[in-house]
Amino acid sequence: MIVSQKSTTKLRLHFSVVNNFKAKDMIKIYSLRYKIREDVEFNFYDASRVEKELYSISRKGPGLAAKLLLPQLVENNVKRLILIDNGDVLVLRDLSQMYNWDMKNNIYMGSPDTGAGAYGKISGKTLKVFINVGNYLIDVKKVKRKNMYKLFLKYKNIYKSIFAEQLMVNDIAYGEIGYLPLEFGLVPPYKNDKFFRRRKNRKNSIYECYNLTIISEMSNIFNYLPKTYEEFLFHAFNPVIVHSWNGKWSEGKGMNIYRKLCQYFIELSGMKKEICEKHPGYCIKI
């Protein structure tokens, strides 16, 4: 992200930290200022309360739950956040357009997810707008005004799923959640290069798992939504953000074009040895 932004785009990065995050870890991240770009601002917030309060939804670790608390921890002069997962997301171009997108009355906006059309146990409605929460845009003031974290606590036991965090965001915010253009968080079309090379599979991209009927019903509001699976593929050529949830680099998976970019940024960070030792999947050469 730091590398891909225009020089005129000033970055304020906000981290909700858990798992006994220490000062030495903070300093390590802060070192990216002199390694890559000096005008980046880093802010760290103690989100350890979620380890107890939202334990039931954090089967992948408390980091997922910490994202839900972050908008209410930041200073009041922060109007918006672009929330970005660690580990399987690459920011390839400048984020200014996404940050300044017209959110209208929405609290959250993000890219369509395969969950579109699911039944909301909290709202009692079909979730025609269902965003992927690996990266999405947040209106911080609205989150604070509605005290969204309190609602997450209230409904924390409704969904018994590793996707409980994502389901709650989409369900609790029903009627105040919207779609962004696909470029702002698109999953790669194929889980790996081998799958793409098989001629019979070239048309069977991950996008065919999306409920296009449900998604297209919202095109009268979000006129940039794709009408066909071919349009999904078209948008995949030049994303602003790529979210490789269908092939994680940390597990040695994913399309090679993005793996190589990920490895380039690991090299640039100056932390290659440590990262490759802890998560060797990132450093596999294909």
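Because the structure is a prediction, the values reported are computed rather than measured.

**Student:** Break down the overall build of the protein for me, with residues and values.
**Tutor:** For the protein, the helix and strand inventory stands at 13 helices and nine strands. Computed over C-alpha atoms, the radius of gyration of the protein comes to 19 Å, within 12% of the 19 Å expected from 2.2 N^0.38 for 286 residues, which places it in the range of a compact globule. On the principal axes, the C-alpha backbone points of the protein span a range of 50 × 45 × 40 Å. Considering only contacts in the protein between residues 6 or more positions apart, those separated by 24 or more positions represent 73%. Carbon and sulfur atoms make up 53% of the accessible area of the protein, which totals about 14900 Å². The protein carries 47 positive and 27 negative side-chain charges, and their two centres are separated by 3 Å.

**Student:** Could you give an account of the sheet that holds strand β8 (residues 184-186), with specific residues and numbers?
**Tutor:** Pairing is mixed across the open sheet formed by three strands, whose spatial order is β4-β9-β8. In the strand order of this sheet, the two ends are held by β4 (89-91) and β8, each with one partner. With strand direction ignored, the average angle separating the axes of adjacent strands in the sheet is 20 degrees.

**Student:** Summarise the pattern of salt bridges; cite the residues concerned and give the values.
**Tutor:** Under the definition given, this model contains 15 salt bridges. The closest approach of N and O atoms between Asp39 and Arg37, which form a salt bridge, is 2.6 Å. On the accessibility criterion, Asp39 (32% relative accessible area) is partly exposed. Look at the salt bridges and you will find they share partners, linking Lys10, Arg37 and Asp39 into a network.

**Student:** Tell me what's going on with the nonpolar core, and back it up with residues and numbers.
**Tutor:** One recurring pattern in soluble globular proteins: nonpolar side chains tend to sit buried together. In this structure, Tyr108 and Tyr179 are the most contacted members of the largest nonpolar core, which totals 67 residues. Grouped together as the second largest cluster of nonpolar side chains are twelve residues, Phe195, Ile266, Tyr282 and Cys283 included.

**Student:** Can you lay out the packing of helix α4 (residues 62-69) against helix α8 (residues 164-172) for me, pointing to particular residues and giving the numbers?
**Tutor:** Running from N to C, α4 and α8 cross one another at 20 degrees; their axes reach a closest spacing of 10 Å. By the angle between their directions, the pair α4 and α8 is classed as roughly parallel. Counting all contacts with α4, which are made through Leu64, Lys67 and Leu68, the residues of α8 involved are Glu165, Met168 and Val169. Per-class residue counts for the contact of α4 with α8 are four nonpolar, no polar and two charged.

Rules used throughout
Residues numbered from 1 in each chain as written. Predicted model: local features only at pLDDT ≥ 70, side-chain atom pairs only at ≥ 80, totals over all residues. Heavy atoms only, no water. Helix = DSSP H or I, 4+ residues; strand = E, 2+ residues; numbered from the N terminus. Rg over C-alpha atoms; globule rule 2.2 N^0.38 Å. Contact = heavy atoms within 4.5 Å. Areas by Shrake-Rupley, 256 points an atom, 1.4 Å probe, with all protein chains shown as cover. Lys, Arg positive; Asp, Glu negative; His and termini not counted. Charge placed at Lys NZ, Arg CZ, Asp CG, Glu CD. Pairing = 2+ DSSP bridges. Axes fitted to C-alpha atoms, helices over the stretch in contact; angles between N-to-C directions. Salt bridge = Lys/Arg side-chain N within 4 Å of Asp/Glu carboxyl O. Buried < 20%, exposed > 50% of the residue type's maximum accessible area, 1.4 Å probe, protein only. Core = buried A, V, L, I, M, F, W, Y, C linked by side-chain atoms within 4.5 Å. Parallel < 35°, antiparallel > 145°, perpendicular 65-115°, else oblique. Nonpolar A, V, L, I, M, F, W, Y, C, P; charged D, E, K, R; others polar.

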